Amino acid sequence: MSLSTTTPAPLTTAELPGPLSRDLMARKQAAVADGVGTTMPVFAARAHGGLVEDVDGNELIDLGSGIAVTTVGASHPAVVEAVQRQVAEFTHTCFMVTPYEPYVRVAERLNALTPGDHDKRTVLFNSGAEAVENAIKIARHATKRSAVVAFDHAYHGRTNLTMALTAKAMPYKAGFGPFAPDVFRAPMSYPFRDGAGVDGPAAARRAIDVIEKQVGAGDLAAVVIEPIQGEGGFIVPAPGFLAALADWCAANGVVFIADEVQSGIARTGRMFAVDHEGVVPDLVVSAKGIAGGLPLSAVTGRAELMNSVHVGGLGGTYGGNPIACAAALAVFDVIEQDGLLQRALDIEQLVRGRLGELQAADPRIGDVRGRGAMLAIELVQPGTTDPDPALTKAVAAYAHSRGVVALTCGTHGNVLRLLPPLTITDEQLHRGLDVLADALAAAR
Ligand SMILES: Cc1ncc(COP(=O)(O)O)c(CNCCCC(=O)O)c1O
């Protein structure tokens, strides 16, 4: 059964998981380390647009995009064509050995697309965590300082330094210490939990006070923040928070690093989430949606910072793999040519409309938040802000059983997030939201 992308695909959920998925799950358990969990009980066979088809022929509505990666859809024709062309030329030479143009073209595009019209440089890597690690390497090298500040609810990766930056212990950090030193944590702007009395500037003053008292600007190399926090709960800071932080960093010679791994590359309706706040970071980290599913990440930033590192100080065997670069160049073109920034805003309007209707009738939906196609509901005990992770788990499980790929997040595990491909159709979105509405009703 081929994925139908023109007519509404039958959401075949006669049996989830089907027999082939069940067999594969048994083999997975016998071959793959238990530490690698899986959200869906089914195995993918193909994916396109807003749909994933499993090995038993069930077609699923994709509200996850492989955790914000297939923003232009899985196997977008332009990406497939670019990858096929490149892979036939060469798969790898190592840019540090025999450089190649696709890497340079990606760097040129990112230098142009990231906020600010200052002179910039880019370096490419493979994963988000690798790029975050290198952004901090660059900041430390440029400032000759070592301390780094991250925020409550932050998520930055699973390597040793990025685990130190990440806030949530289980499952990301438990049992993996000791962690990199000189990492400190500041309070985040969390409007749903801060209340009306703490606006963006006030939350920034709260964070800066902690930074100044517990770290001191003189030892601080960098502040790293997700402009919209992802795994920590799709937390959109109050207006003015990011700008006030960036201004403080600039005034104190501290590198302001925007981790746009999950919020970047058109996901929120702007090329980068900081664009909504008019903030120009010193360094921008991008990954996930950048290459339509191929592993690619980047640090893009002020030339004087990026070039402060000695020759040979940055790199890695696979960084900026040519096939991933070809995919990224196609992704940039698709975003522009297919008007996907506007599509993300249109998705926000559609989804917010549906979620708003649900919230009006259901006091367990404490908050509806996000930007573009990065949206979430925070589920709480009715009329309180007390997290309800059990309800969140039940809603997600119901959605999965009905063939909707839905992801959760949040420090308290009580946030249901929506990350559909921007190429999902309105009809597919509505069908997915219908199932979420049924899930909430079934969980009464
Ligand atoms: C803001 C932000 N920075 C960095 C990262 C890390 O990116 P990697 O490509 O997973 O290393 C992420 C990855 N988020 C999804 C993690 C999924 C999981 O591992 O359970 C992120 O969201």
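Criteria and thresholds
Residues numbered from 1 in each chain as written. Predicted model: local features only at pLDDT ≥ 70, side-chain atom pairs only at ≥ 80, totals over all residues. Heavy atoms only, no water. Domains from an automatic or database assignment. Contact = heavy atoms within 4.5 Å. Buried area = accessible area lost by both parts, 1.4 Å probe. Salt bridge = Lys/Arg side-chain N within 4 Å of Asp/Glu carboxyl O. Polar contact = N/O pair within 3.5 Å; in protein donor to acceptor, adjacent residues only side chain to side chain. Helix = DSSP H or I, 4+ residues; strand = E, 2+ residues; numbered from the N terminus. Nonpolar A, V, L, I, M, F, W, Y, C, P; charged D, E, K, R; others polar. Near = heavy atom within 4 Å. Areas by Shrake-Rupley, 256 points an atom, 1.4 Å probe, with all protein chains shown as cover. Axes fitted to C-alpha atoms, helices over the stretch in contact; angles between N-to-C directions. Parallel < 35°, antiparallel > 145°, perpendicular 65-115°, else oblique. Left-handed = near helix turned anticlockwise from the far one by under 90°. Pairing = 2+ DSSP bridges. Core = buried A, V, L, I, M, F, W, Y, C linked by side-chain atoms within 4.5 Å. Buried < 20%, exposed > 50% of the residue type's maximum accessible area, 1.4 Å probe, protein only.

Some remarks on the domain arrangement of the protein chain
- When its domains are assigned, the protein chain resolves into domain 1 (19-62 + 339-442) and domain 2 (79-337).
- Centre-to-centre, using C-alpha coordinates, domain 1 lies 25 Å away from domain 2.
- Every contact between the two is made by 32 residues of domain 1 and, on the other side, 28 residues of domain 2.
- Three residues, Leu-341, Arg-371 and Met-374, lead the burial of domain 1 against domain 2; their summed loss comes to 32% of the area buried on that side.
- Run the count over domain 1 and domain 2 and you get three salt bridges.
- The partner of Arg-371 in a salt bridge is Glu-277, with the nearest N and O atoms 3.1 Å apart.
- Where domain 1 touches domain 2, the interface holds 19 residue pairs in polar contact (both at pLDDT 80 or more).
- Broken down by secondary-structure element, the contributors of at least two residues to the side of domain 1 that touches domain 2 are helix H12 (340-361), strand E11 (365-371), strand E12 (374-379) and strand E15 (415-418).
- The dominant element in the side of domain 1 that touches domain 2, judged by the number of residues it contributes, is E11, at five residues.
- A per-class count over the side of domain 1 that touches domain 2 returns 17 nonpolar, 10 polar and five charged.

Notes on the site of the ligand
- Residues in close proximity to the ligand total 14 residues, the closest being Gly-128, Ala-129, Arg-158, Asp-259 and Gln-262.
- Separating an oxygen atom of the ligand from a side-chain N or O atom of Gln-262 is a distance of 2.9 Å.
- Within the complex, 81% of the 520 Å² of free accessible area of the ligand lies under protein.
- Of the residues contributing to the shell around the ligand, the split by class is four nonpolar, five polar and five charged.

Observations concerning the packing of helix H13 (residues 389-401) against helix H14 (residues 426-442)
- Where H13 meets H14, the closest approach of the two axes is 9 Å, and the angle between their N-to-C directions is 130°. On the basis of their axis angle, the class for H13 and H14 is oblique. Here the hand of the crossing between H13 and H14 comes out right-handed. Here Val-395, Tyr-398 and Ala-399 of H13 come into contact with H14, specifically with Val-435, Leu-436, Asp-438, Ala-439, Leu-440 and Ala-442.
- Each residue belonging to the contact of H13 with H14 can be placed in one class, and the counts come to eight nonpolar, no polar and one charged.

Observations regarding the sheet that holds E11
- The four strands lie next to each other as E11-E12-E15-E14, forming an open sheet whose pairing is antiparallel. Of all strands in the sheet, those with a lone pairing partner are E11 and strand E14 (407-409), marking the two edges. Across the sheet, the axes of successive neighbouring strands diverge by a mean angle of 25°, strand direction being ignored.
- When E11 meets E12, the two strands line up antiparallel, connected through six bridges.

Details of the nonpolar core
- Formed by 119 residues in total, the largest nonpolar core has its most connected members in Phe-151, Phe-241, Ile-257 and Val-299.
- Broken down by element, the residue count for this core peaks at 12 residues, all from helix H11 (residues 322-337).
- In this structure, this core is formed jointly by two domains, domain 1 (19-62 + 339-442) and domain 2 (79-337), each of which donates at least three residues.
- Setting aside residues no more than four positions away along its own chain, Phe-241 makes contact with Phe-151, Pro-187, Met-188, Ser-189, Gly-200, Pro-201, Ala-203, Ala-204, Ala-207 and Ile-225.
- Ranked by size, the runner-up nonpolar core spans 11 residues in total, among them Phe-234, Ala-376, Leu-407 and Cys-409.

Some words on the pattern of salt bridges
- Scanning all chains against the criterion turns up 20 salt bridges.
- Between Arg-193 and Glu-378 there is a salt bridge, with its nearest N and O atoms 2.7 Å apart. Of the two residues, Arg-193 is situated in helix H7 (residues 191-194) and Glu-378 in strand E12; the sequence distance between them amounts to 185 residues.
- Residue Glu-378 is classed as buried on the basis of its relative accessible area, which comes to 0%.

Focus on the environment of Thr-268
- Inspection of the secondary structure assignment puts Thr-268 in the loop between strand E8 (255-259) and strand E9 (283-286).
- Accessibility expressed as a relative area gives 0% for Thr-268, which makes it buried.
- Note: C-alpha distance between Thr-268 and Gln-359 (91 residues apart in sequence) is 22 Å.
- Only 2.9 Å separates the side chain of Thr-268 from the side chain of His-276, close enough to count as a polar contact.

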